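Read off the chains here:
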Amino acid sequence: MTESRAPSAQARVYDVCIVGSGAGGGMAAHALTRAGADVIVLEAGVPWDNLKDSAMLTWPYESPRRGRSTKDHPFGEFDACVGGWEIEGEPYTRAPGTEFSWWRARMVGGRTNHWGRISLRFGPYDFKRKSRDGLGDDWPISYDDVAPYYDKIDRLIGLFGSKENLPNEPDGVFQPPPRPRCHELLVKQAADKLHVTCIPARLSILTRPLNGRAPCHYCGQCNRGCHVNANFTSTNVLIGPALTTGRLTLVTNAMAREVTLDKAGRASGVAYVDKTTGSDRHVRARVVVLAASALETARLLLNSKSPAFPDGLANGSGTVGKYITDTTGTDVGGFIPKMMDHVPHNHDGVGGMHLYMPWWLEDQKLDFPRGYHIEVWGGTHVPSYGFMGGIQRYPSGGGYGKQLKDDYRRYYGATIGFSGRGEMIPNDDTYCEIDPRTVDRWGIPVLRFHWKWSDHEYKQVKHMQETFRALIAEMGGETFSPMPGPDRGYGIAAGGVIIHELGGARMGDDPKTSVTNRWCQAHECKNLFVADGAPFVSQADKNPTWTILALALRTSEHITDLMKRGEL
């Protein structure tokens, strides 16, 4: 699919070619088209539009699968995101001993069609962690450099939250948060007793009208794609408006193969495969922006070899593909008797949590560095396949007929759980490289992953498990499973499972140890920029999407300034 203003995307030289249409690519397209640039976006996936393609109000019983996952919808057949950890014809490999799974979205808007919309700013400490604990590296920029761009995306996209004045949890430009639901009030009571900070969540879901978009009507199905665009997706909040400028060409089913160079060693465009025909294509541009997702961007750079860059484009430092990370994670759920036989009441709310727990032990002496936040889940969702995890998990649950129906009614809503999302510290044993023997269905060499958690991450996850179990006990509940031991890594999720991969083209002031500069501009190729998670120097105890958006906007404004000065 091509939405363009020319007979062929190859028939012109664009100002900017962007690879990827997710958070970073969408923001770059939105900002650059509004600045007057002629932009083309190459998207490896299929077309998508929330207004037409969402299954938002589909009842599970309308499908023979009752909502069960499919190969390209691992989070349920009604989930908006097309993609997964395994995609036919697009393999990747793992080095011996590596446990890592790589999620790829294959649709316009990328992962923004799937994510939980937890929209957290990195804090002042997060940009300068090495200065605080001596581990990893500091970013070459500070929170103050990014803060104005956080403010801009808050006003453009919208999110709810509350002013808390916490030192490393920066406040934003918030809409009013929704009130906690019944199970969340119980969580809040337990958290207060255990001295765990618990505040209103910060999600990019509108509770008030904004920029022509309606507020959330509380159908609770944000993961399916919102018909009214009350929640944020790059698809309809960034790409859609960029198309209306008349300055965006969107090409779908376009699998980028490599960044091409001119005789002067500058980026000249992007070679890609038209997935619908299998034919090779090329688009020319004065500036190239890679926003294909952190690891796909690393793959593109490593595959873009030339006499000037024999080890991959912009890889003179040898750090492309290095210092990659994922969020640490583990989950614990429990049966809460206080939530049984509840009086029918209003469960209205967004498709996500109304409360969360930011890291509350910043200055405490622990046996691990950095920290994590806690996400809350539970309540009475629309029953579908796998409902409640199986009635057999509950006391006396099971049977037939009336007893079975009565048990389901009694235990409906009596599950509360917690998910930890924490910071991994980059290490030398975790990286990706090109597999020398394996290619995808289009003959493009694939990535091979090396992954290793350190004791820092294992001890952090152990602390998560202990905290979640204490919260469940404080609510008078019992967990569904025993505490995992060190032989199981205390229940740590495998690399890639949390889908927060970052790094691979990290920024820095020194070209010998980094790929991009503080503007996400390649040190060795001045008209090449990166606008996804690849330039991140480190993780944080926050979801990365809001920072990807802010950095992409900052980079786009820098590109605009350089173009106006004739430097690109």
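This one's a predicted model, so the numbers in the text were calculated from it and none came from an experiment.

Draft legend 1. Just the overall build of the protein, in detail. Helix and strand counts for the protein stand at ten helices and 19 strands. At 23 Å, the protein has a C-alpha radius of gyration in line with the 24 Å of a compact globule built from 568 residues. Overall, the protein is about 75 × 50 × 45 Å in size when its C-alpha atoms are taken along their principal axes. Per-residue burial over the protein gives 59% buried out of 568 residues. When contacts within the protein are restricted to residue pairs at least 6 apart in sequence, long-range pairs at least 24 apart make up 71% of them.

Draft legend 2. Seen up close, the packing of aromatic side chains. Overall, the coordinates contain 28 aromatic pairs when judged by the stated rule. Residues F127 and W139 carry aromatic rings whose centres are separated by 5.0 Å and whose planes lie at 70° to one another, so their mutual orientation is edge-to-face. Here F127 is found in the loop between β6 (104-105) and α3 (129-133), whereas its partner W139 is found in the loop between α3 and α4 (143-157), with twelve residues between them in sequence. Comparing F127 with W139 shows no difference in burial state: the two are buried. Aromatic side chains W359 and F368 sit 6.1 Å apart centroid to centroid with 50° between the ring planes, which places their arrangement in the tilted category. For W359, a relative accessible area of 8% puts it in the buried group. The exposure class assigned to F368 is buried, which follows from its relative accessible area of 6%. Cluster of aromatic residues (ring-pair linked, three or more members): Y92, F100, W102, F449, W451 and W453. Across from the ring centre of Y431, 5.7 Å away, lies the NZ or CZ of K322, which sits over that ring. The ring of F480 has R393 sitting right over it, with the charged end atom 3.8 Å from the ring centre.

Draft legend 3. Just the side chain of T560, in detail. Tracing the backbone through its elements, the reader meets T560 in helix α10 (residues 545-564). By relative accessible area, T560 is classed as buried at 13%. When neighbours within four sequence positions are excluded, T560 is seen to be in contact with L32 and A35.

Draft legend 4. Expanded view of the state of the cysteines. Scanning the entire structure with this criterion turns up zero disulfides. As a non-bridged cysteine, C216 has C222 as the owner of its nearest cysteine sulfur, 5.3 Å distant. Classification of C216 as buried rests on a relative accessible area of 18%. Not part of a disulfide, C525 finds its nearest cysteine sulfur in C17, a span of 13 Å.

Quick notes on the rules
Residues numbered from 1 in each chain as written. Predicted model: local features only at pLDDT ≥ 70, side-chain atom pairs only at ≥ 80, totals over all residues. Heavy atoms only, no water. Helix = DSSP H or I, 4+ residues; strand = E, 2+ residues; numbered from the N terminus. Rg over C-alpha atoms; globule rule 2.2 N^0.38 Å. Buried < 20%, exposed > 50% of the residue type's maximum accessible area, 1.4 Å probe, protein only. Contact = heavy atoms within 4.5 Å. Phe/Tyr/Trp six-rings, centres within 6.5 Å; stacked < 30°, edge-to-face > 60°. Lys NZ or Arg CZ within 6 Å of the ring centre and 35° of its normal. Disulfide = S-S within 2.5 Å.

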